[in-house]
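Fold and geometry: a report
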Amino acid sequence: MAALPISALRYRSSVLQNQTIAPGAFELEMTRGGFLYRPGDEIVIHGRSQPEDRTYSVVSGENDPTIKLLIRIIPEGITSPLLALLKPKDTVEFTGPTGSFQLREPDRPLWFIATGTGIAPLLSFLRTHPNMRPTVLHGVRTGEELYYRDEVEQRSAAYYPCLSREGEHPQRVTDALKELAPPADADIYLCGGQPMINSVRTILLEKNIASDRIITEPYFFW
Ligand SMILES: Cc1cc2nc3c(=O)[nH]c(=O)nc-3n(C[C@H](O)[C@H](O)[C@H](O)COP(=O)(O)OP(=O)(O)OC[C@H]3O[C@@H](n4cnc5c(N)ncnc54)[C@H](O)[C@@H]3O)c2cc1C
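First things first, this report covers the structure right here in the doc. Residue positions are given per chain, counted from 1 along the sequence in the order it is written. Reporting of local features is limited, given that this is a predicted model, to residues whose pLDDT is at least 70; pairs of side-chain atoms are given and counted only at 80 or more, and all residues count toward the totals for whole chains, interfaces and linings. Only heavy atoms go into the side-chain values, all of them from the structure, while hydrogens and water stay out.

**Focus on the pairing of strand β3 (residues 42-45)**
Heads up, the rule is: In this scheme, a residue with accessible area under 20% of its type's maximum is buried, one over 50% is exposed, and one in between is partly exposed, where area comes from a 1.4 Å probe on protein chains only. Helix and strand definitions here come from DSSP, where helices need a minimum of 4 consecutive H or I residues and strands a minimum of 2 consecutive E residues; each element is numbered from the N-terminal end. A pair of strands counts as paired when DSSP detects no fewer than two bridges linking them.
Residues of β3 alternate between two faces, with E42 and V44 on one and I43 and I45 on the opposite face, all of them buried. In terms of strand pairing, β3 meets strand β4 (residues 54-57) through 4 bridges, oriented antiparallel. Opposite I43, over in β4, you have Y56 as the bridge partner.

Okay, structure coming up:
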């Protein structure tokens, strides 16, 4: 039987920790209270006014005691630099859960393809289903942006870090994917910018992956 949807409600939470986990990126840990979510869900953090509201994927697992978010600071952005300044005991108001990026069947062959902070909902899948062993491709600019690398690698059957601006052979997830052969019966989850999602989808379709096996979560749209 399909699980019932959880209704989005407005919550008030306290910051427990705000930790830099890589240059320009931080993990915000907040009290969970009665907030229910599934792996892949998002919350909308409310800014001082509605134009500052922003959506973030939950990176913690479904049964974890706190809510964790992985946030990259967009230096020219409005909200992420403000969230970077949050301190323990500060209040965060949010609405959630939102979104439709849900894990369909943890027992299928699984491929996860993410760029940047797009690894967050995929790690929530992994933390919720510790026996899952997907193939993971993570694309970032430099090695220090491979957020949660040790944990993701440990939880993966195969892990492909793709560095677009480092090393002798810079590589994007699209370059790595071209050399690989996802099985036709795999569910493939993509999370990151829309351009990456479009390019990866094209490659997967060329590799005869059915479009209904490709599940996507775009973070930004240019
Ligand atoms: C479904 C969903 C889930 C998301 N989950 C996360 C998450 O888990 N962690 C996270 O850090 N962000 C996530 N985002 C992006 C987040 O909502 C904000 O867009 C981001 O934090 C920038 O907000 P800002 O106000 O600082 O920048 P803005 O003032 O909104 O934007 C400034 C510029 O940066 C661009 N931009 C926005 N987001 C990004 C990005 N991620 N990378 C590069 N450029 C960007 C904008 O298009 C704009 O040109 C998610 C977005 C969506 C739609």
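Next comes the rest of the account.
**Points about the site of the ligand**
Heads up, the rule is: Proximity is defined per residue: any heavy atom of the residue falling within 4 Å of a molecule or strand makes that residue near it. Definition of a polar contact: a pair of N or O atoms within 3.5 Å, with one able to donate and the other able to accept a hydrogen when the atoms are protein atoms, and with sequence-neighbouring residues admitted only if both atoms are side-chain atoms. Calculation of accessible area relied on Shrake-Rupley with a 1.4 Å probe; when residues are assessed, cover is drawn exclusively from the protein chains displayed.
The immediate surroundings of the ligand are formed by 20 residues, with R54, T55, Y56, T79 and S80 found nearest. Residue Y56 places a side-chain N or O atom 2.7 Å away from an oxygen atom belonging to the ligand. Contact distances for the ligand include 3.3 Å between an oxygen atom and a side-chain N or O atom of Y219. Coverage of the ligand by the protein amounts to 80% of the 900 Å² it exposes when considered alone. Looking at the shell around the ligand, the element that brings in the most residues is β4, giving 4 residues.

**Considerations on the sheet that holds β3**
Inclusion rule: Interaxial angle, 0 to 180 degrees, is taken between N-to-C directions of lines fitted to C-alpha atoms, where a helix line uses only the stretch in contact.
With antiparallel pairing, 6 strands are arranged side by side in an open sheet as β4-β3-β6-β1-β2-β5. The sheet is open, and its two edges are formed by β4 and β5 (66-72), each paired on a single side. In this sheet, neighbouring strand axes are inclined to one another by 40° on average, regardless of whether the strands run parallel or antiparallel. In this sheet, strand β6 (residues 91-98) lies alongside strand β1 (residues 9-22) in antiparallel orientation, the contact comprising 6 bridges. If you follow S14 over to β6, its bridge partner there is T91.

**Structural notes on the packing of aromatic side chains**
Selection criterion: Here a pair means two rings of Phe, Tyr or Trp (six-membered ring of Trp) with centres within 6.5 Å. Their orientation is stacked below 30 degrees between planes, edge-to-face above 60, and tilted elsewhere. In this analysis the charged atom, NZ for Lys or CZ for Arg, is taken to sit over a ring once it is within 6 Å of the ring centre and within 35 degrees of the ring normal.
Enumeration according to the criterion identifies 9 aromatic pairs in this entry. With centroids separated by 5.0 Å and ring planes inclined at 70°, the aromatic side chains of Y11 and F35 adopt a geometry described as edge-to-face. Here the residue Y11 occupies a position in strand β1, and F35 occupies one in the loop between β2 (25-31) and β3, the gap between them amounting to 24 residues. Where F35 meets F94, the ring centres are 5.0 Å apart and the plane angle is 80°; that geometry is what we call edge-to-face. Here F35 is found in the loop between β2 and β3, whereas its partner F94 is found in strand β6, with 59 residues between them in sequence. Across this residue pair, the class does not change: F35 and F94 are buried. Of the aromatic side chains, those joined through ring pairs into one cluster are Y11, F35, Y37 and F94. The ring of Y148 carries R127 above its face, with NZ or CZ at 5.2 Å from the centroid.

**Here's the deal with the pairing of β2**
Of all 7 residues in β2, 6 are buried, a share of seventy percent or more. Here 6 bridges tie β1 to β2, and the two strands are oriented antiparallel to one another. Looking at β2, one finds that T20 is bridged to F26. The antiparallel pairing of β1 with β2 creates a hairpin that spans 2 residues between the two strands, and G24 there sits at a positive phi of about 80°.

**Thoughts on helix α5 (residues 194-206)**
Note the threshold: Helix span, as expected, comes to 1.5 Å for every residue beyond the first. Within this analysis, the arc is defined by the directions that extend from the helix axis to the C-beta atoms. Pairs of residues are marked as contacts when any of their non-hydrogen atoms sit within 4.5 Å.
Between its first and last C-alpha atoms α5 spans 18 Å; for 13 residues at 1.5 Å apiece the expected length is 18 Å, and the two agree. Turning to α5, its buried residues are M196, I197, V200, I203 and L204. Across the axial projection of α5, the buried residues extend over an arc of 130°, all falling on one side. In this fold, the buried residues of α5 make contact with β7 (110-115), α4 (173-178), β10 (187-192) and β11 (214-218). Following α5 by one or two positions, N208 has its phi on the positive side, about 65°.

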